[in-house]
Amino acid sequence: MKVEQISVFLENKAGRLAEVTRVLGEGGINIRALSLADTTDFGILRLIVDKYDQARELLKEKGFTVGKTEVVAVEVPDRPGGLGLVLQILAQAGINVEYMYAFVQHSGKNAVIIFRFDNLDQAINLLQKEGIHIYKGEEVYRL
Amino acid sequence: MIRDIEAETMPREDLRALQLQRLQAVVERVYHLVPFYRRRLDEAKVKPEDIRTLDDLQRLPFTTKQDIRDNYPFGLFATPMDQIVRIHASSGTTGKPTPVAYTQRDLDNWSELMARTISCAGGHRGDIIHIGYGYGLFTGGLGFHYGAERLGAAVIPVSGGQTRRQIMLIQDFRPTVICCTPSFALYLAEVGQEMGVEFKDTSLKVGIFGAEPWSEAMRQEIESRLALDALDIYGLSEIMGPGVAVECIEAKKGLHFFEDHFLPEIIDPHTLEPLAPGEMGEMVITTLTKEAFPLLRYRTRDVTSFDYAPCICGRTIARMQRIRGRSDDMLIIRGVNVFPSQIESVLMETKGLAPHYQLIVDREGQLDTLEVAVEVDEAVFSDEVKGLQNLAKSIERQIKDYFTVSVKVRLVEPRSIPRSEGKAQRVIDKRKL
């Protein structure tokens, strides 16, 4: 039920993001979703890719600091209030969202949102109990 | 004004005779009173009676900061504790300070030398002296304090910090002489300007600035902004504190070195061979009159040169040029001594942090800034912004606790710190000195 996300440390200077995408592109790796958190000095690039291990190796070879984080891919109805519903369930249970970002592609009629929680298992159980669909890793990489 | 006509204008031949006599006495003393020196002299196969001319100085072993550290805390003191009346200390390189000691006679000499220093820089009995150097283990505050009192001036012992209050005191107490670091002097000018103070309307006439290297350009700026004569002073706690050398107000051309108490040499820091008069190299000092903490051929690591020509002020004692740099990698940040290795040891306390860092020293406005670039590797990487920000803040806090100097930590990518010949370039000093 968990999805493996690659995170990459980037200094805030021109061309670093381009370098990451170049390395992955030349390695034949497809980026499925991404988000970039930035501060004045540095940024953290978070990626979901189709070939996790290979991507990680390629980036490490090029000297990037690469981290691995488990996240949850949640299917959210693509209509007004869809995301609100999911967030409300989490809020009521006191589960904190560390960060989240949307998948580029739709799954059928629904949107896919990537969540990072402080307590992943608790969040997964709760959402599933409420009938919300959580994607398996393999499904997400293939989307 | 020349306070001690005899000592400061002595024919050089007489001065050399006095130096030799005092050198013989100090070698005799340390040989019998300091086990470390007896061992060193025995190893060098030199006996006190072998010192027959000043050239024999070169037969003596050097003393380094590491030697003082190895004998921490009091191993190099040459008198029993019941003769010692004061202990000061400078910042050390391994978290331990470097302690130094004074007998009553040492304090008398120091006070006298500081009275000479203030006179040389243009101070007199009747002056009001604002002392903005820190009081405490640091020798700056108390060194000036005792010298100013000896001179018969009125002392305002302000110590460091509280800039606006210092400016208020300058306006209200009307000091004629101010002593502090040159960077603080410029900071005072800046804050004073914000407060609408016209320094030409204040009572200040003379500023005696030291404890960190500064430049001729900085003198011009301080003199025009604070409307006073700015003089350079040199000293280091291992040798005594302030009062080793100072510029005269008449010439402002080199710092008169009090050679009757301290014997300077200039050496090549690599070959350790003495250099000819006038050549630039590392300054080595032997104390000639110190009782509690005498040092033979102490390697200051400060790079300068000497001019032995008499000065227009009448003094015959040699003039040391402004300090041009260091023969080691020590940085002086807002008056605090910082070795890159100390920063490294603080960084290494953070588990998993890579030993790759770079120190970028700059001057923003009038204050030194220190930025520490640290490479982020997987062991400390977090995919959350707050995780990395906490890492940077915790390193900043540790360095601040250790050095009392605020730094900015910048996280950088691995291998982004340039390495030359496999060795990282640790320090980039952007200050224009």
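Each chain has its residues counted from 1, running along the sequence as written. Each chain takes a letter, starting from A, and each ligand takes a number, starting from 1, following the order in which they are written. At least 70 in pLDDT is required for a residue's local features to be given in this predicted model, at least 80 for side-chain atom pairs to be given and counted, and no such filter applies to totals for whole chains, interfaces and linings, which use all residues.

(A) How the structure looks around the overall build of chain B. Numbering of helices and strands starts at the N terminus; helices are DSSP runs of H or I of at least 4 residues and strands are runs of E of at least 2. The helix and strand tally for chain B stands at 11 helices and 23 strands. We compute the radius of gyration over the C-alpha atoms and compare it with the globule rule, which gives 2.2 Å times the number of residues raised to the power 0.38. For a compact globule of 433 residues, the expected C-alpha radius of gyration is about 22 Å, and chain B comes in at 23 Å, within 12% of that figure. Projecting the C-alpha coordinates of chain B onto the three principal axes gives extents of approximately 70 × 60 × 45 Å. Across the 433 residues that make up chain B, the buried fraction comes to 42%. Considering only residue pairs separated by 6 or more positions, chain B has 66% of its internal contacts joining residues 24 or more positions apart. Here exposure depends only on C-beta density: within 10 Å of a residue's C-beta, 20 or more other C-beta atoms make it buried, 12 or fewer make it exposed, and intermediate numbers make it partly exposed, the C-beta atoms being placed from the backbone. Working definition of a contact: two residues with C-beta atoms, positioned from the backbone, lying within 7 Å.

(B) Representation of the domain arrangement of chain B in the model. All names here are of chain B. We note that the domain assignment places domain 1 (5-328) and domain 2 (332-429) within chain B. Averaged C-alpha coordinates put domain 1 and domain 2 at centres separated by 32 Å. Opposite the 12 residues of domain 1 that make contact, domain 2 presents 13 residues. It is helix α8 (residues 182-194) that contributes the most residues to the side of domain 1 that touches domain 2, four residues altogether. All residues other than Ala, Val, Leu, Ile, Met, Phe, Trp, Tyr, Cys, Pro, Asp, Glu, Lys and Arg, Gly among them, are scored as polar; the first ten of these are nonpolar and the last four charged. Broken down by class, the residue content of the side of domain 1 that touches domain 2 amounts to four nonpolar, six polar and two charged. The source of the domain bounds is an automatic or database domain assignment.

(C) Representation of the domain arrangement of chain A in the model. All names here are of chain A. Each domain of chain A was delimited in the assignment, giving domain 1 (3-69) and domain 2 (71-142). Placing the centre of domain 1 and that of domain 2 at their C-alpha centroids yields a distance of 22 Å. Broken down by secondary-structure element, the contributors of at least two residues to the side of domain 1 that touches domain 2 are β1 (3-11) and β2 (31-38). For the side of domain 1 that touches domain 2, the element with the most residues is β2, which contributes four residues. Here the side of domain 1 that touches domain 2 is composed, by residue class, of four nonpolar, three polar and three charged.

(D) Structural view of the interface of chain A and chain B. Contacts between chain A and chain B engage 16 residues on the former and 16 residues on the latter. Secondary structure elements with two or more residues in the side of chain A that touches chain B: β1, β3 (42-49) and β4 (66-77) of chain A. Considered class by class, the residues forming the side of chain A that touches chain B number six nonpolar, six polar and four charged.

(E) A look at the sheet that holds strand β23 (residues 427-429) of chain B. Residue and element names in this part refer to chain B. Pairing in this open sheet of four strands is mixed, and the strands run β20-β19-β18-β23 from one edge to the other. Of all the strands in the sheet, just β20 (408-412) and β23 have a single pairing partner and so form its edges. Mean inter-strand twist for the sheet, computed between neighbouring axes without regard to direction, equals 20°. Axis lines are fitted through C-alpha atoms, for helices just across the contact stretch, and the angle between N-to-C directions can take any value from 0 to 180 degrees. Set on the sheet, helix α10 (residues 340-348) makes contact with β18 (357-364), β19 (367-375) and β23; between it and β18 the angle comes to about 120°. One bridge is not enough; two strands pair if DSSP finds at least two bridges between them.

(F) Just the confidence of the model for chain B, in detail. When pLDDT is averaged along chain B, the result is 92, and 96% of the positions lie at 70 or above. Confidence estimates for the predicted assembly give a pTM of 0.72 and an ipTM of 0.84. The pLDDT score gives, residue by residue, the confidence of the prediction method on a 0 to 100 scale.

(G) Representation of the pairing of β3 of chain A. Residues and elements named next belong to chain A. For β3, the tally of buried residues reaches seven of eight residues, placing the bulk of the element in the interior. Relative to β3, β1 runs antiparallel, the two sharing six bridges. When the sheet's bridge partners are listed, Glu11 is paired in β3 with Phe42. Bridging between β2 and β3 involves seven bridges; their strand directions are antiparallel. By the bridge assignment, Leu34 is partnered in β3 with Leu47.

(H) Representation of the nonpolar core within the structure. In these notes, a nonpolar core means any group of buried Ala, Val, Leu, Ile, Met, Phe, Trp, Tyr and Cys residues linked to one another through C-beta atoms within 7 Å. Counting residues in each nonpolar core, the largest one holds 87 residues, and the members touching the most others are Cys179, Ala185, Ile208, Val244 and Phe257 of chain B. In terms of residue count, helix α5 (residues 104-120) of chain B provides more of this core than any other element does, six residues in total. In this structure Ile208 of chain B touches Ile118, Ala121, Val177, Cys179, Leu231 and Ile233 of chain B, once residues within four positions along its chain are discounted. Core analysis: the second largest hydrophobic core is formed by 56 residues, Leu34, Phe103 and Val140 of chain A together with Ile399 of chain B among them.

(I) The arrangement of the packing of helix α1 (residues 16-26) of chain A against helix α2 (residues 52-61) of chain A in detail. All names here are of chain A. For the pair α1 and α2, the least separation of the axes is 10 Å and the interaxial angle reads 125°. It follows that α1 is oblique to α2 by the angle criterion. Read as a crossing pair, α1 and α2 show a hand that is right-handed. On α2, the residues that touch Val20, Val23 and Leu24 of α1 are Ala55, Leu58 and Leu59. Of the residues belonging to the contact of α1 with α2, the class tally is six nonpolar, no polar and no charged. Angular relationships are summarised with four words: roughly parallel below 35 degrees, roughly antiparallel beyond 145, roughly perpendicular across 65 to 115, and oblique for the angles in between. Each crossing is labelled by how the near helix is turned from the far one, with a counterclockwise turn of less than a right angle marking it left-handed and a clockwise turn marking it right-handed.

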